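Structural overview
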Amino acid sequence: MHLAILSRNAKLYSTRRLIEAAELQGHTVRVVDTLRCYMNVTTSKPSIHYRGEELEEFDAVIPRIGASVTFYGTAVLRQFEMMGVYTLNESVAITRSRDKLRSLQLLSRKGIGLPITGFAHSPDDIPDLIRMVGGAPLVIKLLEGTQGIGVVLAETEKAAESVIQAFMGLKANIMVQEYIQEAGGADIRCFVVGDKVIAAMKRQAGPGEFRSNLHRGGSAELIKITPQERATATRAAKAMGLNVCGVDLLRSNHGPVVMEVNSSPGLEGIEAATGKDIAGQIIEYIARNAAPNKNRTRGRG
């Protein structure tokens, strides 16, 4: 197969591993800088141009679209879908997952465990918003934040009011969530490919930190997950419509709760913690599902 990886940087660990895995399985790969693509949107023959010439045909596209380029990146992916190319994750599913509030509402509709979450616009509603999620301590999140940036733990109600007022004053969209204290600053990243959790790791926050993101200095280790956690992760991926994703869970007193579904999960941490060839399994999934005799992308973006 001839594969395209939509990535801003061919030297990133995840991109390099996907190239290695694809070539090892006999496929050809081209890394395409998402922001250098430009589109001819036409009824008869939609096309994508790249660095002054029309892109060659691909059998499948692997999107590695960073949060900061979601709008343009999903537009490029939609164009591939219009051209009948198989996309590992579809544009509409990526757009869903990048909107934290929308994704939680979709998971809620499917009855998937979530932390109690509040969302409001008016400063007048802050006291009731805090009560709604069970009071302090609570977590305040920017809807556009990534890698733990824009996530604040407010330990008192006064602190929570001040932080929420400050964000609202800056016209920033935020949501407020209950703090799952029993998780002890740890979460579980479940890596889903297709309808299976192929790997899982426990991420532990560093000393004095409550965010377990590896970018924030957290540590990772292999973990055995329960059948309930496995089912929660696969149901969350299905609700988002994602074929490959990272589902972040917390162990709460009332069962596993989903914190986030990541449509472009990094491979470095999970491969190091589990010793598994995640990149290889992703390429195998594409080979099974993007073959000419299979259904092409639904292109609902």
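Up top you'll find the structure we're talking about.
Overview of the structure.

Criteria and thresholds
Residues numbered from 1 in each chain as written. Predicted model: local features only at pLDDT ≥ 70, side-chain atom pairs only at ≥ 80, totals over all residues. Heavy atoms only, no water. Pairing = 2+ DSSP bridges. Helix = DSSP H or I, 4+ residues; strand = E, 2+ residues; numbered from the N terminus. Contact = heavy atoms within 4.5 Å. Axes fitted to C-alpha atoms, helices over the stretch in contact; angles between N-to-C directions. Expected span 1.5 Å × (residues − 1). Buried < 20%, exposed > 50% of the residue type's maximum accessible area, 1.4 Å probe, protein only. Left-handed = near helix turned anticlockwise from the far one by under 90°. Nonpolar A, V, L, I, M, F, W, Y, C, P; charged D, E, K, R; others polar. Phe/Tyr/Trp six-rings, centres within 6.5 Å; stacked < 30°, edge-to-face > 60°. Patch = residues over 30% accessible without salt bridge, like charges linked within 9 Å, V, L, I, M, F, W, Y side chains within 5 Å. Areas by Shrake-Rupley, 256 points an atom, 1.4 Å probe, with all protein chains shown as cover. Salt bridge = Lys/Arg side-chain N within 4 Å of Asp/Glu carboxyl O.

1. Focus: the sheet that holds strand β3 (residues 37-40)
Read across the sheet, three strands follow the order β3-β4-β5 without closing on themselves; strand pairing throughout is antiparallel. Every interior strand has two partners, whereas the edge strands, β3 and β5 (53-54), have only one. Across four bridges, β3 lies against strand β4 (residues 47-50) in antiparallel orientation. What sits directly across from Y38, in β4, is H49. This element, helix α2 (residues 70-82), spans β3 and β4 of the sheet and lies at about 50 degrees to β3.

2. Comments concerning α2
Under the 1.5 Å per step criterion, the end-to-end length of α2 is 18 Å for 13 residues, consistent within 8% with the ideal 18 Å. Residues T70, G73, T74, A75, V76, L77, Q79, F80 and E81 constitute the buried set of α2. At the exit of α2 stands G84, carrying a positive phi of roughly 80 degrees.

3. Describing the packing of helix α4 (residues 100-109) against helix α7 (residues 227-240)
Where α4 meets α7, the closest approach of the two axes is 10 Å, and the angle between their N-to-C directions is 115 degrees. For the element pair α4 and α7, the recorded crossing hand is right-handed. Across the interface between the two elements, S103, L106 and L107 from α4 touch A236, A239 and M240 from α7. For the contact of α4 with α7, the class distribution of residues is five nonpolar, one polar and no charged.

4. Points about the packing of aromatic side chains
Taken as a whole, this structure holds one aromatic pair when the rule is applied. Both rings, one in F58 and one in F80, keep their centres 6.4 Å apart while their planes meet at 65 degrees; by these two values the pair is edge-to-face. With a gap of 22 residues between them, F58 in the loop between β5 and β6 (60-63) and F80 in helix α2 connect regions that are remote in the sequence. Overall, F58 belongs to the buried group, its relative accessible area being 6%.

5. Brief notes about the pairing of strand β13 (residues 196-204)
Note that strand β12 (residues 186-193) and β13 share eight bridges and pair antiparallel. Across the sheet, residue A186 finds its bridge partner in β13, namely Q204. Pairing of β13 with strand β14 (residues 219-222), which is carried by four bridges, proceeds in the antiparallel orientation. The partner of M201 across the bridge, within β14, is L222.

6. Digging into a nonpolar patch on the surface
There is a patch of nonpolar side chains on the surface, built from L35, Y38, F71 and Y72 and spanning about 430 Å² of accessible area. Assignment of secondary structure puts Y38 in strand β3.

7. Observations concerning the sheet that holds strand β10 (residues 151-154)
On the basis of which strands lie adjacent, the open sheet formed by four strands has the order β8-β11-β9-β10 and antiparallel pairing. Of all the strands in the sheet, the pair left with one neighbour each is β8 (117-118) and β10. Pairing between strand β9 (residues 138-142) and strand β11 (residues 174-178): five bridges, direction antiparallel. In the strand pairing of β11, V139 is matched with Q177.

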